[in-house]
Amino acid sequence: MNMRLLEKIYLAIFANREKIEVIPNACSTQRLQLAIAQLEHQNRDMNLAVFDDLARIAQEEPKLNGKIMEALINFIRTNACDRTLTEFQDNQLSTIRPDIQAALTVIAKRNTQQDSDGEQLDLSYTDISGANLSGANLEQTNLYRTNLSGADLCSANLHGAILTAANLSGANLSGANLKEAILSAANLSGANLSGANLQRANLYLAKLDGAILQDAILNGANLREAEFSGVDKSITQLGDV
């Protein structure tokens, strides 16, 4: 199957997603190779169809899950900072690019039982501000210095995630599982942490100015030298200050 034919098929998938389920006449490994190659064409609409197929391949062939996650993360890393000037307004970013969001959604909804032992997703140093990661499974993910400002992480699983120096300002983390997460020096200004589980989380030097911590679980959390301007100090009594 040549690349020109593949491009036509992907365009057909994008136009008729409910009618065409898979790329015909190609095994899962071939489809994976062709899909990854197709991402280099920088066609944003076609990328959406590519991600649909990658999600199906991950379900059909668990052994290819690692390569698929790697391809998605490489795509996000390469393209997340590629936002045109028209996507800036009043010095703030608009919504995240649809194809980047689609790649993140595949990662967020993956079957974590297919992850290899010791495998860690690495989205460090990545700008995914404004992303919709509600309910995402990002357990143990490396998000060091990641820009998640304004992101929706409601009910996300961030158990043990590395969020050191991450920008979570204005993010929605209500009901999120941040148990044992590393949030040292993270910017959580104005973040919604209501009902979040921060048990034994490390918030050393974290900035929590104006954050909402109502009903948050802070048992055993490290809150030393964290900034709490505008936060009810009584809420932090269960933490280690």
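Since this is a predicted model, take the numbers as computed values, not measurements.

Quick notes on helix α5 (residues 98–108)
Stage number 1. Counted residue by residue, α5 has nine buried out of 11 residues, so it is predominantly covered.
Stage number 2. The complete set of buried residues in α5 reads Asp99, Ile100, Gln101, Ala102, Ala103, Leu104, Val106, Ile107 and Ala108.
Stage number 3. Elements in contact with the buried residues of α5: α3 (44–60) and α4 (65–79).

A short note on α3
Stage number 1. Here α3 contains 17 residues, and its C-alpha end-to-end distance of 25 Å stays within 8% of the 24 Å for a straight helix at 1.5 Å per residue.
Stage number 2. Along α3, the residues that are buried comprise Met46, Asn47, Leu48, Ala49, Val50, Phe51, Asp53, Leu54, Ile57 and Ala58.

Details of the nonpolar core
Stage number 1. Leu178 and Leu183 are the most contacted members of the largest nonpolar core, which has 67 residues in total.
Stage number 2. Where this core is concerned, the elements lending two or more residues are α2 (28–38), α3, α4 and α5.
Stage number 3. Not counting residues within four places of it along the chain, the set of residues in contact with Leu178 comprises Leu158, Leu163, Leu173, Leu183, Leu193, Ala196, Asn197, Leu198 and Ala201.

Description of the pattern of salt bridges
Any two side chains of opposite charge can pair, on the condition that their charged atoms come close.
Stage number 1. Within the structure shown, the criterion is met by four salt bridges.
Stage number 2. For the salt bridge of Asp53 with Arg56, the shortest nitrogen-to-oxygen distance reads 3.8 Å. Within this pair, Asp53 and its partner Arg56 are both found in helix α3, separated by three residues, close to a single helical turn.
Stage number 3. A relative accessible area of 0% places Asp53 in the buried class.
Stage number 4. A salt bridge links Arg200 to Glu180, with the shortest nitrogen-to-oxygen separation between them at 2.9 Å.

Observations concerning the packing of α2 against α3
Stage number 1. Between α2 and α3, the shortest axis-to-axis distance is 10 Å and the interhelical angle comes to 150°. Taken together, the axes of α2 and α3 lie roughly antiparallel to each other. Crossing hand, α2 versus α3: left-handed. Only Met46, Val50, Asp53, Leu54, Arg56, Ile57 and Glu60 of α3 make contact with α2, whose side of the interface consists of Ser28, Arg31, Leu32, Ala35 and Gln38.
Stage number 2. Each residue belonging to the contact of α2 with α3 can be placed in one class, and the counts come to six nonpolar, two polar and four charged.

Here we look at unusual backbone geometry
Stage number 1. The phi angle at Ala165 is positive, at roughly 60°, despite the residue not being glycine.
Stage number 2. Mapped onto the elements, Ala165 comes out in the segment after α5.
Stage number 3. If you check the backbone angles, Asp215 has positive phi at about 65° while not being a glycine.
Stage number 4. Mapped onto the fold, Asp215 is located in the segment after α5.
Stage number 5. Using a relative accessible area of 64% as the deciding quantity, one classes Asp215 as exposed.

Cut-offs used in this document
- Residues numbered from 1 in each chain as written.
- Predicted model: local features only at pLDDT ≥ 70, side-chain atom pairs only at ≥ 80, totals over all residues.
- Heavy atoms only, no water.
- Buried < 20%, exposed > 50% of the residue type's maximum accessible area, 1.4 Å probe, protein only.
- Helix = DSSP H or I, 4+ residues; strand = E, 2+ residues; numbered from the N terminus.
- Contact = heavy atoms within 4.5 Å.
- Expected span 1.5 Å × (residues − 1).
- Core = buried A, V, L, I, M, F, W, Y, C linked by side-chain atoms within 4.5 Å.
- Salt bridge = Lys/Arg side-chain N within 4 Å of Asp/Glu carboxyl O.
- Axes fitted to C-alpha atoms, helices over the stretch in contact; angles between N-to-C directions.
- Parallel < 35°, antiparallel > 145°, perpendicular 65-115°, else oblique.
- Left-handed = near helix turned anticlockwise from the far one by under 90°.
- Nonpolar A, V, L, I, M, F, W, Y, C, P; charged D, E, K, R; others polar.

Purely geometric numbers; function is a separate question.
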